[in-house]
Amino acid sequence: EDSLLFYLDFETTGLDVLSDHIVEIGVLCETLECFSTVVCPPKFADGPNVHGIEDEELREGPRFSEAFWRLYRFCENISEIRGGKIFVRFYGLR
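Residues numbered from 1 in each chain as written. Predicted model: local features only at pLDDT ≥ 70, side-chain atom pairs only at ≥ 80, totals over all residues. Heavy atoms only, no water.

Draft legend 1. Geometry of a negative patch on the surface. A grouping of Glu54, Glu56, Glu57 and Glu60 is seen on the molecular surface, where their side chains present a negatively charged patch. Position of Glu60 relative to the elements: it lies in helix α2 (residues 55-60). (Patch = residues over 30% accessible without salt bridge, like charges linked within 9 Å, V, L, I, M, F, W, Y side chains within 5 Å. Areas by Shrake-Rupley, 256 points an atom, 1.4 Å probe, with all protein chains shown as cover. Salt bridge = Lys/Arg side-chain N within 4 Å of Asp/Glu carboxyl O. Lys, Arg positive; Asp, Glu negative; His and termini not counted. Charge placed at Lys NZ, Arg CZ, Asp CG, Glu CD. Helix = DSSP H or I, 4+ residues; strand = E, 2+ residues; numbered from the N terminus.)

Printed below as a string of structure tokens:
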């Protein structure tokens with residue numbers, strides 16, 4: 001079986017994993033298929049100053065649980081179509 005590589009990108013309200021939130025998820029598969037969604041955070045703070053996404057746009061997006069489920073289905077569908085396994089590699093984490 002061939003493996004598939006997915007590149008994930010997150011926009012957040014800050015860098016604190018305990019108090020900040022994901023506001024956008026982007027994924028690019030090595031097959032060049034992509035997924036992107038804004039995520040409505042549970043609270044709004046210095047949004048556009050940090051991530052550049054206006055609060056009005058975020059309010060239109062799904063909550064994190066729904067956004068993550070959509071991401072999961074995207075990856076699962078590509079994996080099934082391409083007959084491969086999914087490997088996720090995180091870059092820039094220390």
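That was the structure; now back to the text.
Draft legend 2. Region of interest: a nonpolar patch on the surface. A contiguous nonpolar patch, built from Phe64, Phe68, Trp69 and Tyr72 and spanning about 430 Å² of accessible area, is present on the exposed surface. Checked against the element boundaries, Tyr72 lands in helix α3 (residues 64-82).

Draft legend 3. Structural view of the pairing of strand β3 (residues 34-38). When strand β2 (residues 22-29) meets β3, the two strands line up antiparallel, connected through 5 bridges. Each residue of the ladder has a partner; that of Gly26, found in β3, is Ser36. As consecutive antiparallel partners, β2 and β3 are separated by 4 residues, and within that stretch Leu32 has a phi angle of approximately 75°, a positive value. (Pairing = 2+ DSSP bridges.)

Draft legend 4. Representation of the packing of aromatic side chains. All told, the structure shown has 4 aromatic pairs when counted by the stated rule. Between Phe6 and Phe74, the aromatic rings sit 6.3 Å apart at their centres with planes inclined by 80°, giving edge-to-face as the arrangement. Here the residue Phe6 occupies a position in strand β1 (residues 2-12), and Phe74 occupies one in helix α3, the gap between them amounting to 68 residues. Exposure remark for Phe74: the relative accessible area of 15% places this residue in the buried category. Ring pairs connect the aromatic residues Phe6, Phe35 and Phe74, which therefore count as one cluster. (Phe/Tyr/Trp six-rings, centres within 6.5 Å; stacked < 30°, edge-to-face > 60°. Buried < 20%, exposed > 50% of the residue type's maximum accessible area, 1.4 Å probe, protein only.)

Draft legend 5. The pattern of salt bridges, seen in detail. Under the counting rule described, the total for this entry stands at 2 salt bridges. A salt bridge links Glu66 to Arg70; the shortest N-O distance between them is 3.0 Å. Within this pair, Glu66 and its partner Arg70 are both found in helix α3, separated by 4 residues, close to a single helical turn. Salt bridges sharing partners connect three or more residues here, namely Glu66, Arg70 and Arg73.

Draft legend 6. Seen up close, the environment of Asp9. Structurally, Asp9 is set in strand β1. Each C-alpha atom, one on Asp9 and one on Ser36, is 9.2 Å from the other, the two residues being 27 residues apart in sequence. Among residues more than four places away in sequence, those in contact with Asp9 are Glu24, Ile25 and Gly26. (Contact = heavy atoms within 4.5 Å.)

Limitation: the analysis is restricted to geometry and does not speak to function.
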